[in-house]
Amino acid sequence: MQKNKREARGNIAALYQAILSLQTPEECRAFLEDVCTTAEVEEMSRRLLAARMLHSGASYLDVAEETGLSTATISRVSRSLKNGNGYSCVLSRLSASEK
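Attention here is on the structure that accompanies the text.

Cut-offs used in this document
- Residues numbered from 1 in each chain as written.
- Predicted model: local features only at pLDDT ≥ 70, side-chain atom pairs only at ≥ 80, totals over all residues.
- Heavy atoms only, no water.
- Helix = DSSP H or I, 4+ residues; strand = E, 2+ residues; numbered from the N terminus.
- Expected span 1.5 Å × (residues − 1).
- Contact = heavy atoms within 4.5 Å.
- Salt bridge = Lys/Arg side-chain N within 4 Å of Asp/Glu carboxyl O.
- Patch = residues over 30% accessible without salt bridge, like charges linked within 9 Å, V, L, I, M, F, W, Y side chains within 5 Å.
- Areas by Shrake-Rupley, 256 points an atom, 1.4 Å probe, with all protein chains shown as cover.
- Core = buried A, V, L, I, M, F, W, Y, C linked by side-chain atoms within 4.5 Å.
- Buried < 20%, exposed > 50% of the residue type's maximum accessible area, 1.4 Å probe, protein only.

### Some details on helix H3 (residues 38–55)
- Here H3 spans 26 Å end to end across 18 residues, near enough to the 26 Å set by a 1.5 Å rise per residue.
- In this structure, the buried residues of H3 make contact with helix H4 (60–67), helix H5 (71–83) and helix H6 (86–98).
- Count one or two residues on from H3 and you reach Gly-57, which has phi positive near 100°.

Okay, here's the thing in structure tokens:
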């Protein structure tokens, strides 16, 4: 268990730096396989798909059917799309790289 909040924040910052140090999809896959369970990676991929679908105008029902996510999770993704910066940044960059 973390000794204190400052130490926890430092560990989280180190995780962000570790992710930023990855240079290839293979390095990212290897790191995520080491850090996360298969189920956790799959869950993150479903949330990203949900964000893409919602961003494209899909309904919650369509997203739920396609991803298997609960409507509560889809609602959280939707709120993050509207109020956060992470999904928007990633979706913008993925869209630009697909062109």
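Let us keep going from here.
### Points about the pattern of salt bridges
- In total, this model carries four salt bridges according to the counting rule given.
- Salt bridges here are not isolated pairs; linked through shared partners, they connect Glu-43, Arg-46 and Arg-47.

### Considering a nonpolar patch on the surface
- Taken together, the side chains of Ile-12, Leu-15, Tyr-16, Ile-19 and Val-35 define a hydrophobic patch exposed on the protein surface, amounting to about 440 Å² of accessible area.
- Among the secondary structure elements, Ile-19 is positioned in helix H1 (residues 5–21).

### Concerning the nonpolar core
- Within the largest apolar cluster, 12 residues are counted, these being Ala-50, Ala-51, Met-53, Leu-54, Val-63, Ala-64, Leu-69, Ile-74, Val-77, Leu-81, Tyr-87 and Leu-91.
- Broken down by secondary-structure element, the contributors of at least two residues to this core are H3, H4, H5 and H6.
- With four residues, the single largest contributor to this core is H3.
- Dropping the residues within four chain positions of it, Leu-81 is found in contact with Ala-51, Leu-54, His-55, Tyr-87, Ser-88 and Leu-91.

None of the figures reported here should be taken as evidence of function without further support.
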